[in-house]
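Spelled out, the chains give:
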Amino acid sequence: MALMMPIMSSVIGLLSLSIYWIGAYLIDAATGIPAQIALFSNMIVYLAYAMQVVMGFMMLVILFFILPRAMVSARRIEEVIETEPSIKDGTVAARPGNGEIEFDKVSFKYPGAADYVLRDISFKAYKGETVAFIGSTGSGKSTIVNLLLRSYDVTDGKVLVDGVDVRDYTLEALHQKMGYVPQKATLFSGTVFSNVAYGDMSSERTEADVRTAATIAQAAEFVEAMDGGYNASIAQGGTNVSGGQKQRLSIARAVCRRPEIYIFDDSFSALDYRTDRCLRSALKKETADVTSVIVAQRVGTIMDADRIVVLDNGSVAGIGKHRELLDTCPVYREIVESQLTEEDMRR
Ligand SMILES: Nc1ncnc2c1ncn2[C@@H]1O[C@H](COP(=O)(O)OP(=O)(O)O)[C@@H](O)[C@H]1O
Ligand SMILES: [Mg+2]
């Protein structure tokens, strides 16, 4: 490209120059003004045609530059399109269950990784229970959630939802059961309504449904203050609302689906303590008979859970209620001590 530009402009310059030169010579030799004017206009037209031909050649050269790049890109895109998904649909279609979850001796390593991320994880959540996961960053909390959602398949063991292995469900049936609030809230360009009602395949959601969901998620207040209320527009990626607001809308989206299982992957961390508390008590009323899986950093968020699973480096360090774990699990005690005062602990 560096060479072509100067070469091309020299060619164009020399070409114009020679056309003008020969033109001038011919015009000079002609007799009478009309003949000279006719020659002059012919010269201009000739120059325009000559330029078009040169441009054509230039395009051809550019093509040869772009072609190899395009071929490499095309090959890469083809590779992506032709990849067989490793997650294959099962055959069990939608059926009402009660949201029971069971991990049976689950071990997992990410495809291509050398080491196990999760080792021998077993726990059970019955209808209406809340199971919480706590542990340091990188201990495998999000990985457990990914296995439950079947973003990955287990390496060993089984994940059961309502007594059926998640690998046997069709993905649609499995996902229909779950209301998942990811660690990183994602909003799409549209309105508050379209974002909260998003992804519901079973039935149309009315504004009343969306309003109820927003109220539970503690989002109603700021949504109603927005210009246009539930029809207020949301920019791509939700850049016109704050992090905490984004998170609450993302929670409202899960609530709006009325799932059998709620999954919150560190969804309360962007909220202040007061909002966190209000939201959880509203959710608790709403989700009394819905199973919840909560991943959290703050002990305060999960203290009331029916079962707390303490993860340490991919293994279970302890399972139990807050009080039991305080006495029996040193890892949990350490986490709690780093966050609460002694008084709070014995609440
Ligand atoms: N897609 C992935 N591929 C390979 N390794 C991963 C992937 N996602 C996470 N990991 C690894 O798995 C471990 C657990 O990650 P994660 O479950 O996200 O932890 P947590 O949510 O508890 O912070 C980390 O050590 C991380 O490096
Ligand atoms: Mg995580």
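Located above this text is the structure these notes cover.
The rules behind these values
- Residues take numbers from 1 onward in each chain, read along the sequence in its written order.
- All chains are assigned letters beginning with A, and all ligands numbers beginning with 1, in the order in which they are written.
- This being a predicted model, a pLDDT of at least 70 is required before a residue's local features are given, and a value of 80 or more before pairs of side-chain atoms are given or counted; all residues contribute to the totals for chains, interfaces and linings.
- Proximity of a residue to a molecule or strand is defined by its backbone-placed C-beta atom lying within 6 Å of that partner.
- In this classification, Asp, Glu, Lys and Arg are treated as charged, Ala, Val, Leu, Ile, Met, Phe, Trp, Tyr, Cys and Pro as nonpolar, and every other residue, Gly included, as polar.
- Helix and strand assignments come from DSSP, with helices taken as H or I runs of at least 4 residues and strands as E runs of at least 2, each series counted from the N terminus.
- Given the number of residues in a helix, its expected span is that number minus one, multiplied by 1.5 Å.
- Residues with at least 20 other C-beta atoms within 10 Å of their own are called buried, those with 12 or fewer are called exposed, and the rest are partly exposed. The C-beta atoms themselves are positioned from the backbone.
- Any two strands with at least two DSSP-identified bridges between them are counted as paired.
- Seen with its strands pointing away from the viewer, a crossover is right-handed when the path leading from the first strand over the helix to the second is clockwise.
- Here, axes are lines fitted to C-alpha atoms. For helices the fit covers the stretch in contact, and angles between N-to-C directions go from 0 to 180 degrees.
- If an angle is under 35 degrees, it is roughly parallel; if it is over 145, roughly antiparallel; if it lies from 65 to 115, roughly perpendicular; otherwise it is oblique.
- Here a crossing is called left-handed whenever its near helix is offset anticlockwise from the far helix by less than a right angle, and right-handed whenever the offset is clockwise.
- Each residue gets a C-beta atom placed from its backbone, and two residues are in contact if those atoms lie within 7 Å.

Caption draft 1: The site of ligand 1, seen in detail. As a matter of local geometry, ligand 1 sits amid Y110, A113, V117, G135, T137, G138, S139, G140, K141, S142 and T143. Residues belonging to the shell around ligand 1 are distributed by class as follows: three nonpolar, seven polar and one charged.

Caption draft 2: Inspection of helix α8 (residues 243-256) at higher detail. If you check α8, its first and last C-alpha atoms are 20 Å apart, about what 14 residues at 1.5 Å a residue would give, namely 20 Å. Within α8, twelve of the 14 residues are buried, leaving the element largely enclosed by the surrounding structure. Within α8, burial applies to Q245, K246, Q247, R248, L249, S250, I251, A252, R253, A254, V255 and C256. Where α8 ends, the next residue or the one after it, R258, has phi of about 50 degrees, a positive value.

Caption draft 3: Local environment of the pairing of strand β10 (residues 291-295). Most of β10 sits out of view: five of its five residues are buried. Where burial is concerned, the two faces of β10 agree: the one with T291, V293 and V295 and the one with S292 and I294 are both buried. Across four bridges, strand β3 (residues 130-134) lies against β10 in parallel orientation. Counterpart to V131 in the pairing with β10 is V293. Note that strand β9 (residues 261-265) and β10 share five bridges and pair parallel. Following the sheet pairing, F264 is matched in β10 by I294. Following the chain from β9 across helix α9 (residues 273-286) to the adjacent parallel β10, one finds a crossover that is right-handed.

Caption draft 4: Layout of the packing of helix α6 (residues 207-216) against α8. Close contact between α6 and α8 brings their axes to 8 Å; oriented N to C, the two are set at 125 degrees. By the angle between their axes, α6 is oblique relative to α8. As for the relative orientation of α6 and α8, their crossing is right-handed in sense. Seen from α6, the contacting residues are D209, V210, A213, A214 and I216; seen from α8, they are A252, V255 and C256. Residue composition of the contact of α6 with α8, by class: seven nonpolar, no polar and one charged.

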